[in-house]
Amino acid sequence: MFKVLLVMHSRDEGYYRMNKVSFESMPVAGQYIYNSDGLAYQVEEVALFAGYVSEKGAIAVLVVHPLAKDTPVSKIYGLDIERDLDD
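Scoring rules and cut-offs
What you see as residue numbers is a count from 1 along each chain, following the sequence as written. Local features in this predicted model are restricted to residues of pLDDT 70 or higher, and side-chain atom pairs are both shown and tallied only at a pLDDT of 80 or more, whereas totals for entire chains, interfaces and linings draw on every residue. Side-chain measures were taken over the full set of non-hydrogen atoms in the model, leaving aside hydrogen atoms and water. For two strands to be treated as a pair, DSSP must find at least two bridges joining them. Each helix is a run of DSSP H or I of at least 4 residues and each strand a run of E of at least 2, with the numbering of both proceeding from the N terminus. Convention adopted: a line fitted to C-alpha atoms gives each axis, helices being fitted over their contacting stretch, and angles between N-to-C directions are expressed from 0 to 180 degrees.

Caption draft 1: Here's a closer look at the pairing of strand E5 (residues 58-66). Of the strand pairs in this sheet, strand E1 (residues 2-10) and E5 are connected by six bridges, and their pairing is parallel. Bridging from a neighbouring strand, Val7 pairs with Val63 of E5. In terms of strand pairing, strand E4 (residues 40-48) meets E5 through seven bridges, oriented antiparallel. Residue pairing across strands places Ala47 opposite Val61, the latter belonging to E5.

Caption draft 2: Spotlight on the sheet that holds strand E3 (residues 32-34). Strand order in the open sheet made by the five strands is E2-E1-E5-E4-E3, with mixed pairing throughout. Where the open sheet ends on each side, the last strands, each with one partner, are strand E2 (14-23) and E3. Taken pair by pair, the neighbouring strands of this sheet meet at an average axis angle of 40°, ignoring direction. As paired elements, E1 and E2 share eight bridges and run antiparallel to each other. Looking at the pairing, Lys3 lines up with Ser22 of E2.

Here's what the structure looks like:
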């Protein structure tokens, strides 16, 4: 598992910290991800930490931007996040 810090890049608000998340494989620039808020984001950049060991386990920063709600990837095609993805 790769623990990363998500940083939002919003045209209106600039850059700001969102949350820490874990991935089975490291996302790459251009990839779409879903956050725990149930919204889709696109990865802009992946910045790995060099020469630094985080006490909280994060190894990288992912800069993401939100996708418009009417884009196809923003629709989860019938999945109910609380029902289908929560353990």
